[in-house]
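# Working through the structure, step by step
Now for the letters of each chain:
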Amino acid sequence: STIIPILVGAMAGYAFAWLEFPGRDWLFIGVVALLVVPLQMALIPIFSLYNDIGIFDTVLSLVLFHTAFGLPFAIFLLRNFFVGIPKDILESARIDGASELRIFVRLILPLGLPAIASLAIFQFLWTWNDLLVALTFGRDTQPITVAIFNQLTEFGNNIEIITPAAFVSLALPLVVFLAFQRYFVEGLLAGSVK
């Protein structure tokens, strides 16, 4: 749920920022419009779809849902960062004979690392802390938030079980944030000043 939106969002962000194709601006407006679609509005239709195609209560169903709702933000954030990369760098790479794939892998990804790290933090935290989607699409497939919720309802005020579980659910996001914190502020502020 974190890696797929980053990969697809980076490629789409590069395409929206630097490639010319018909309908590019209208497609980007569509991506921006998808940012305002509330997650809760899609729960019941996607629940029915997953039930019909037989992937309800699987990890794949959770990954696909989080990927679908993470992609508009990923594309928006990375496209806006990639637009700030100087055009001269890309033109000199094209003059040297680099293909679009080589430019993307060798130039865009290393230069876009702060924005990619910021996106990774956001997407990981949104996925990790999710309770609503996990409760809707999973009975036996339980992320840690659902497991803690089930312990809360089963044992009531039994703090001895809930407190260590809450600490475990806090530790991993804290490690991820501390690992990427130097890129986080740089990625968020990139493009804010010309």
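Reference entry: report on the structure contained in this document. Please read all numbers here as calculations on a predicted model, not as lab measurements.

### Notes on the environment of Arg 24
Assignment of secondary structure puts Arg 24 in helix H2 (residues 24-34). Ignoring anything within four residues of it in the chain, the contact list for Arg 24 reads Ala 15, Phe 16, Ala 17, Trp 18 and Leu 19. At 3.1 Å, the side chain of Arg 24 forms a polar contact with the backbone oxygen of Leu 19.

### Some words on the packing of helix H1 (residues 3-18) against helix H4 (residues 59-83)
Packed helices, taken two at a time, are described by the angle between their axes plus the distance between the axes. With their axes 7 Å apart at the nearest point, H1 and H4 run at an angle of 35 degrees to one another. Between H1 and H4 lies a crossing whose hand is right-handed. In contact with Ile 4, Pro 5, Ile 6, Val 8, Gly 9, Ala 10, Ala 12, Gly 13, Tyr 14, Phe 16, Ala 17 and Trp 18 of H1, H4 contributes Val 63, Thr 67, Gly 70, Leu 71, Ala 74, Ile 75, Leu 78, Arg 79, Phe 82 and Val 83. In terms of residue class, the contact of H1 with H4 is built from 17 nonpolar, four polar and one charged.

### What to know about a nonpolar patch on the surface
On the surface, Ile 3, Ile 4, Leu 7, Val 8 and Met 11 cluster together into a nonpolar patch covering about 470 Å² of accessible area. When you line up the elements, Ile 4 lands in helix H1. Judged by its relative accessible area of 40%, Ile 4 is partly exposed.

### Thoughts on the nonpolar core
Within the largest apolar cluster, 20 residues are counted, with the highest numbers of intra-cluster contacts made by Tyr 14, Trp 18, Leu 78, Phe 82, Ile 103, Ile 108 and Leu 119. For this core, the secondary-structure elements that each account for two or more residues are H1, H4, helix H5 (87-95), helix H6 (100-111) and helix H7 (113-128). Dropping the residues within four chain positions of it, Trp 18 is found in contact with Arg 24, Phe 82, Val 83, Ile 85, Lys 87, Leu 90, Arg 94 and Ile 108. Grouped together as the second largest cluster of nonpolar side chains are nine residues, Ala 42, Leu 43, Phe 56 and Val 133 included.

Procedures and definitions
Residues numbered from 1 in each chain as written. Predicted model: local features only at pLDDT ≥ 70, side-chain atom pairs only at ≥ 80, totals over all residues. Heavy atoms only, no water. Helix = DSSP H or I, 4+ residues; strand = E, 2+ residues; numbered from the N terminus. Contact = heavy atoms within 4.5 Å. Polar contact = N/O pair within 3.5 Å; in protein donor to acceptor, adjacent residues only side chain to side chain. Axes fitted to C-alpha atoms, helices over the stretch in contact; angles between N-to-C directions. Left-handed = near helix turned anticlockwise from the far one by under 90°. Nonpolar A, V, L, I, M, F, W, Y, C, P; charged D, E, K, R; others polar. Patch = residues over 30% accessible without salt bridge, like charges linked within 9 Å, V, L, I, M, F, W, Y side chains within 5 Å. Areas by Shrake-Rupley, 256 points an atom, 1.4 Å probe, with all protein chains shown as cover. Salt bridge = Lys/Arg side-chain N within 4 Å of Asp/Glu carboxyl O. Buried < 20%, exposed > 50% of the residue type's maximum accessible area, 1.4 Å probe, protein only. Core = buried A, V, L, I, M, F, W, Y, C linked by side-chain atoms within 4.5 Å.

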